[in-house]
Every structure is written in structure tokens, then in C-alpha cells.
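Chain by chain, the residues:
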Amino acid sequence: NAGVTQTPKFQVLKTGQSMTLQCAQDMNHEYMSWYRQDPGMGLRLIHYSVGAGITDQGEVPNGYNVSRSTTEDFPLRLLSAAPSQTSVYFCASSYARTGELFFGEGSRLTVL
Amino acid sequence: AQSVTQLGSHVSVSEGALVLLRCNYSSSVPPYLFWYVQYPNQGLQLLLKYTSAATLVKGINGFEAEFKKSETSFHLTKPSAHMSDAAEYFCAVSESGGSYIPTFGRGTSLIVHP
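Sequence positions are assigned chain by chain, starting from 1 and proceeding in written order. Each chain takes a letter, starting from A, and each ligand takes a number, starting from 1, following the order in which they are written. With pLDDT at 70 or above as the cut-off, local features in this predicted model cover only qualifying residues; side-chain atom pairs require 80 or more to be listed or tallied, and sums for whole chains, interfaces and linings still use all residues. With hydrogens and water stripped out, all remaining heavy atoms of the structure feed into the side-chain values.

### Quick notes on the sheet that holds strand β1 (residues 4-7) of chain A
All names here are of chain A. Which entries qualify depends on this criterion: Here the rule is simple: two strands pair whenever DSSP picks up at least two bridges between them. Working definition: helices are DSSP H or I runs of at least four residues, strands are E runs of at least two. Numbering for both runs from the N terminus. Between N-to-C directions, angles cover 0 to 180 degrees, with each direction set by a line fitted to C-alpha atoms, over the stretch in contact for helices.
Read from one edge of the open sheet, four strands run β1-β3-β8-β7, paired in antiparallel fashion. Each having just a single partner strand, β1 and β7 (64-66) make up the two edges of the open sheet. Neighbouring strand axes in the sheet, compared pairwise and without regard to direction, differ in orientation by 20° on average. Examined bridge by bridge, β7 and strand β8 (residues 76-78) share three bridges and lie antiparallel to one another. Bridge assignment links Tyr64 to a residue of β8, and that residue is Leu78.

### Thoughts on the sheet that holds strand β7 (residues 64-68) of chain B
Residues and elements named next belong to chain B. One open sheet accounts for five strands, arranged β1-β3-β8-β7-β6; its pairing is antiparallel. If you trace the sheet from one side to the other, it starts and ends with β1 (3-7) and β6 (56-58), each paired once. Pairwise comparison of adjacent strand axes, ignoring direction, gives a mean angle of 20° for this sheet. Of the pairings in the sheet, the one linking β6 to β7 comprises three bridges and is antiparallel in character. Across the sheet, residue Lys58 finds its bridge partner in β7, namely Glu64.

### Section: the interface of chain A and chain B
Worth spelling out the cut-off: The contact criterion used is simple: two residues touch if any of their non-hydrogen atoms lie within 4.5 Å. The term buried area means the drop in 1.4 Å probe accessible area that two parts suffer when joined, counted for both and summed. Salt-bridge detection follows one rule: a side-chain nitrogen of Lys or Arg within 4 Å of a carboxyl oxygen of Asp or Glu. Residues are grouped as follows: nonpolar covers Ala, Val, Leu, Ile, Met, Phe, Trp, Tyr, Cys and Pro; charged covers Asp, Glu, Lys and Arg; every other residue, Gly included, is treated as polar.
Residue-level contacts link 19 residues of chain A with 19 residues of chain B. Of the roughly 1,600 Å² buried where chain A meets chain B, counting both sides, 61% is carbon and sulfur surface. On the chain A side of the contact with chain B, Leu43, Arg97 and Thr98 of chain A bury the most area, a combined 30% of that side's loss. Taken together, the links from chain A to chain B amount to zero salt bridges. Among the elements of the structure, β4 (31-38) and β5 (42-51) of chain A are those that each provide at least two residues to the side of chain A that touches chain B. The leading source of residues in the side of chain A that touches chain B is β5 of chain A, at four residues. A class-by-class count of the residues in the side of chain A that touches chain B yields nine nonpolar, six polar and four charged.

These figures come from the coordinates and say nothing about function on their own.
Laid out in C-alpha cells, this is it:
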């Protein structure tokens, strides 16, 4: 069972570079979301999607873009990386509005 | 608006002792409540969830939590700690009738001493 797959696991960027964090799920979940985890801050929601073609902003959306062209994929794009975006990023999916979130293993991003 | 407060960023217990991790929530509508666990260098996984059924919820690995509406609390307990319980624990709340997107607490790191 693959579940939620995130790539890459580790990435180092220079300030101003752009990149895409990939997220794919094979459980046919409608709900997908991106969180960032920083020490002492818990998980903060960046963007989420309730289905293909539908996305919305979370708590900390600035500097990030998302799209949802298929049910399976929900990539997160960093447009111009900044040191403040150094974090661990988690993608999650859910089969129902009140259901549990299934998380990927995370992507650790460092911006120099 | 929903919010979650986890009291104590670190909790330290001896192996075999009671584990108590505190979570208080704020919600304007009946909430759905969750506890997740994160082991080092891994993603989060569900321990247990409350979705308006029984107020005492049993989860995996011997953990349980009790929903107390009057206290707006959902504390996580385990009678006897094991070394393998050492991890980060997150409480989360989502609101029925709203966006259902959960809000997470800041997490509590459980340290288990031999």
C-alpha cells in the first residue's frame, strides 16, 4: 500500500529559486492538503483541496501555489524560495470531511 | 473559529507510569477531535478520534481519550508508559458544518525514562 507519497524527501535551495514538491495518493481521497511543520508551531495549513479543480488557501498561503488537476496529485509550488520557507512539509489526504488524515513522510526543505 | 491548546510542550514520565497529555479546544459548533502521533522522522498517524459517538474513545497502542464538553477538553491517557511511546503528540479539531479542515495544536513531546 503506497498511501500518500511525497517527493523529494530532502531538498536544498538557494534564495530566489523555485521548485515543486510532489504529492500523490492512491486511495481515491477527495480531500488533500499541505502543511508545514516548524519547531514549537505545530502544523500549519498552507493550501487545501476538496476535489479535482478546487483549491483554497489555508493559514499560511503566501509564497506557495497549488493546483489539483487530478484526484491523485496535489503539487505544491514555491515560486521564489525564501529562508523563512525552511521547514518540513507534509501532504495529507482524507476520504471524508470528518475522517482521519493520512500523511506522507514529509519533505525537508532548506533555503539558504 | 476553532482552536486547540496543548498544555505543556514537553511531558516526561517514567516507564510504567501514567501518561496524561492535555488538550483543550475552542469550537462554535460540535467538534470532531483527533489525536495524532509522530515518531522521529516520520509523518503523523492517527491514534484515535471522537466524532460525537461515545465520549470515551479508545485508540491504538493502549491510548484513550475522554471528550468532556463542559470542560472543552479531550485529554489523552495511557495507564502505563512504554519506552516506545516516546514521540510527538498532536491534538486536532475540526468543525462539523464548516470546512472540516482540522486545526492542530502545537504538539507535546512525550519523553519516557527507563
